[in-house]
Amino acid sequence: MKQPAAGPREVFHLFLIKPSHYDDDGYVIQWARSSIPANTLATLYGLALDCAERKVLGEDVEIRITAWDETNTRIRPERIARTIRESGGRGLVGLVGVQTNQFPRAMDLARPLRAAGVPVCIGGFHVSGCLAMLPEIPADLKEALDLGIALFAGEAEGRLDEVLRATYRGDLPTLSDFMKDLPGLEGAAVPYLPLDVIRRTSGTRTSFDAGRGCPFLCSFCTIINVQGRKSRSRSADDVERLVRANLAQGVHNFFITDDNLARNQNWQPIFDRLIRMREEEGLRIHVVAQVDTMAHKIKGFVEKAGRAGVNRVFIGLESINPDALKEARKGQNQITEYRAMLQAWHRAGALTYAGYILGFPGDTPETIERDIGIIQRELSIDLLEFFILTPLPGSADHKKLHLAGVEMAADMNRYDLTHVNTRHPTMTDDELLGSYRKAWDLYYSAEHVERVMRRAKAWGYDPRNMMIKLLTFHAVPRIEGVHPLEGGLFRRKRRRDRRPGMGLESRLAFYPRLARDVLVKHVRFARMYWQHWRILRRVLRDTEPYVDVATTPVQDAEFDEMQMYQTTATARIQVDKLRRRQSVRAAAGAPASSD
Ligand code: B12
Ligand code: SF4
C-alpha cells in the first residue's frame, strides 16, 4: 500500500503586520513603494523563521509566516480571517512595532479580526513605553485588553516561542509584561526579510539593529525607558551572518537602526568585521547609521565607520541653543563640537543628516528662523529634518506632564512629531505649527540647495545624488504633507481605508478629487524638479573651487566670530569653558584638541 507523503498535518498562520497611521484626512498613509523596510518587521520575521525551523509547535505543525508593512501593502482583515479559517482555524496576527501614532490604526485593524475570533497580539513602543513609564494602564490599552487583544510589552527575543505555543493552546495571556527583563541579543535569531518584502520599498536596502540601549538621558526620548540605558549588542558573528544572508539575495545596502551606534559596546568588532568583508573579500556593503554628536571623539570611530561602508549618518543635533539642550537633558551635545564633527564625517565620505527639534520652551518663530539661518551658513549639514518637540508616551517629558495633569492631545494618531500635542509656553499651537512648516521651506530654499550642492562637489560627493536627496526631503513635506521619514513613492489612497468616524466618502466626491490631487502633485513635483535641475546645471558647470564658512576647517578665532557662539549668553559661556580647558591642556603640554 502506498504511504501518504510525510509532512505537517496542520498549518498555523502567523501574520506579522507593521501598521501605518492616518493622515489628517483620515486616510491610511500608504505608498506604492515605502522608503525603508521596518526593522521591527525584520526582527520578528527572523525570530519567527527560527521558531518555524525549530518546529516549536510540534513536528506536525507548519508555521506559515507572512510579513506585511502597511506603508506599502493594503491590509484586509477579512481576508486574513478567511485564510486562517479555511486552513483549520489556527493562527495569530501580530501587529508589530506599533508606535504611539500607529496605535489607533492597529486597533482598527484588530477589531474586525477579534470579531472574527482571530487571536491578535500588539507589541512595540506604545505598549512598552506606557507600561514602562505610567503608573496605570492608559485608556487605549485598556480598551484593547477589553477586546481580548493581547498586549506584549518588552522584547520578543527568547519569548516568541511561548507566544506561539500559548496561542496554539488557546491561552495567550492578554497582558505580557517583560519590561523589567530585557534580553541579551548575542546569538539571538537575527533580523531578516525576504527579497519580495524588501522590493516593496524604494531601494534595495534592508535594516537591522546591531544593538539596543543608549547611556544618555534626553528627556524627550522613549528609547532609554523602553530599551534601557545599557548597551546590549549583537556579536560581530551575528552581524556577519545576517549581512551574508542579505548579500546572497542581492541586498547590499543596510540601515543599522541603533539609535546610537557610537554607544554600541561592540561597534569596533562589528566595524572590523565589515571592513574585513569589504577590504579583503571585496564585498559591496553600504551602511546608513545613527550616531550622536560626540561620535567623532571616540578614537577611530568615524574613520572605521567610513571603511566599514557607512556613507550616511543620522545625527541627533536637536538644537544649536545650549539652553534648549540643557532643558532637554541633552548636555552631551556641545555646540562647540558640531563643526568638527560634521567635517569629520565628510572626510570619511559620509553624508550628514541632522535631526532638529522645534518647540523647546525658549523657541519663538523669530529664534527658529534665526537659528536655521545660522545652521545654513556655519554648519556643513547636508540634509536637515525637523520635528516638533512631542511628549511621546514612554518619555520622561510625557510622564512629567501626565503626572502634573497638563493637557495633551488625546488622539494618539497625532503623536507623529509633526503635530502640536501640548501647549508651548509662549507660542500658540498655530504659531508653532506654522514655524514647523516654514522651517522646511527656509532650509531647502533655492539659495541653500545650491550651497549644499556646491559643498558636496567640494568634498567629493556627486552633486546629482545630492540634488535628488535635497529634492525628495523637501518635496515630501511640501507636496505630500508628511514627514520625509514617513514618505515613499506614489501615494496610495483607498476610499474604504478611512478612519472610522470620519465618514466614507461617496465615489463621486472621492475619485475626482483623488485624480485632481494626483495631477496637482505631479505638476508641483515637476516644477520643483525643474528648479533643482537648473541649480544643478549651474553647479556642474562652475569649475571654480568652492569654500565657505561651514567648510572652512575649525580655527580658534571662529569662537569669537561665528554667530552660533555669539547669539546666546550660554553659548558664550560654553566657548569660555572650552577656552579654559584648552589653556589647561596647553599648560600641561597636551596636544591641542577641541575638547
Ligand atoms: C528604524 C526606526 C524607524 C524606521 C523604520 C521603522 C521600524 N520600526 O523599523 C523609519 C525611518 C521608517 C521610522 C519612522 C518613524 N519613526 Co521610528 N524608529 C526607528 C528606531 C530608531 C528603531 C526601530 C527598531 O528597529 N527597533 C528595534 C525593534 C526590534 O524594537 P521594537 O520595535 O520595540 O520591537 C521589539 C519589541 O517591541 C517587541 N515587539 C514589537 N512588536 C511586537 C509584536 C508582537 C506580536 C510581539 C510578540 C512582540 C513585539 O519585540 C521586538 C523585538 O524585540 C526607533 C527607536 C528604537 N530604538 O526602537 C524609532 C521609533 C520607533 N520611531 C519613532 C517615531 C516617532 C517615528 C516617526 C513617527 C517619525 C516621523 N516623524 O516620521 C516615523 C513613523 C513612520 C513609520 N511608518 O514607522 C519613535 C516612536 C515612539 C512612540 N512612542 O511612538 C521611536 C521609538 C523613536 C523615538 N523618537 O522615540 N522609524
Ligand atoms: S542620544 Fe538619542 S537615543 Fe540616546 S537618550 Fe538621547 S535621544 Fe535617546
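Anything mentioned here points back to the structure above.
Since the model is a prediction, treat every value here as computed from it, not as a measurement.

### Remarks on the site of ligand 1
Looking at ligand 1, there are 40 residues lining it, with Asn39, Glu157, Thr222, Asp259 and Asp416 nearest. Between an oxygen atom of ligand 1 and a side-chain N or O atom of threonine 40, the distance comes to 2.8 Å. Interatomic distance of 3.0 Å between a backbone N/O atom of alanine 156 and an oxygen atom of ligand 1. Of all elements in the fold, only helix 1 (39–53), strand 4 (91–95) and strand 5 (120–123) reach the threshold of two or more residues within the shell around ligand 1. With four residues, helix 1 is the largest single contributor of residues to the shell around ligand 1. Considering only residue class, the shell around ligand 1 consists of 14 nonpolar, 18 polar and eight charged.

### Description of the sheet that holds strand 8 (residues 205–208)
The strand order 8-11-12-13-14-15 describes an open sheet built from six strands, whose pairing is parallel. The open sheet is flanked by strand 8 and strand 15 (383–388), the only strands paired with a single partner. Strand after strand, the sheet turns through a mean of 20° between neighbouring axes, direction not considered. Where strand 8 meets strand 11 (residues 253–256), four bridges bridge the pair, whose relative direction is parallel. Looking at the pairing, threonine 206 lines up with phenylalanine 254 of strand 11.

### So, a positive patch on the surface
Side chains of Lys326, Lys577, Arg580 and Arg581 sit close together on the surface and give a patch of like positive charge. With three residues, the single largest contributor to the positive patch is helix 22 (residues 569–587). Relative to the assigned elements, lysine 326 resides in helix 12 (residues 322–327). For lysine 326, a relative accessible area of 65% gives the class exposed.

### Considering the layout of surface pockets
Of the pockets and cavities examined, the largest pocket occupies roughly 1,200 Å³. Lining the largest pocket are 39 residues, with Ser35, Ser202, Thr472, Gly488 and Leu489 positioned closest to its centre. Elements supplying a minimum of two residues to the lining of the largest pocket: strand 11, strand 12 (286–291), strand 13 (310–318), helix 18 (463–480), strand 16 (488–492) and helix 19 (507–541). For the lining of the largest pocket, the element with the highest residue contribution is helix 18, accounting for nine residues.

### Description of the environment of asparagine 421
Structurally, asparagine 421 is set in the loop between helix 15 (396–404) and helix 16 (429–443). If near-sequence neighbours (up to four positions away) are discounted, asparagine 421 is found in contact with Thr390, Glu407, Met408, Ala409, Arg414 and Tyr415.

Calculation rules
- Residues numbered from 1 in each chain as written.
- Chains lettered and ligands numbered in written order.
- Predicted model: local features only at pLDDT ≥ 70, side-chain atom pairs only at ≥ 80, totals over all residues.
- Heavy atoms only, no water.
- Near = heavy atom within 4 Å.
- Polar contact = N/O pair within 3.5 Å; in protein donor to acceptor, adjacent residues only side chain to side chain.
- Helix = DSSP H or I, 4+ residues; strand = E, 2+ residues; numbered from the N terminus.
- Nonpolar A, V, L, I, M, F, W, Y, C, P; charged D, E, K, R; others polar.
- Pairing = 2+ DSSP bridges.
- Axes fitted to C-alpha atoms, helices over the stretch in contact; angles between N-to-C directions.
- Patch = residues over 30% accessible without salt bridge, like charges linked within 9 Å, V, L, I, M, F, W, Y side chains within 5 Å.
- Areas by Shrake-Rupley, 256 points an atom, 1.4 Å probe, with all protein chains shown as cover.
- Salt bridge = Lys/Arg side-chain N within 4 Å of Asp/Glu carboxyl O.
- Lys, Arg positive; Asp, Glu negative; His and termini not counted.
- Charge placed at Lys NZ, Arg CZ, Asp CG, Glu CD.
- Buried < 20%, exposed > 50% of the residue type's maximum accessible area, 1.4 Å probe, protein only.
- 1 Å grid on protein atoms, 1.4 Å probe; cavity = no way out; pocket = protein on both sides within 12 Å on 5 of 7 lines; lining within 4 Å.
- Points joined across faces, edges and corners; volume = space filled by probe spheres on them.
- Contact = heavy atoms within 4.5 Å.

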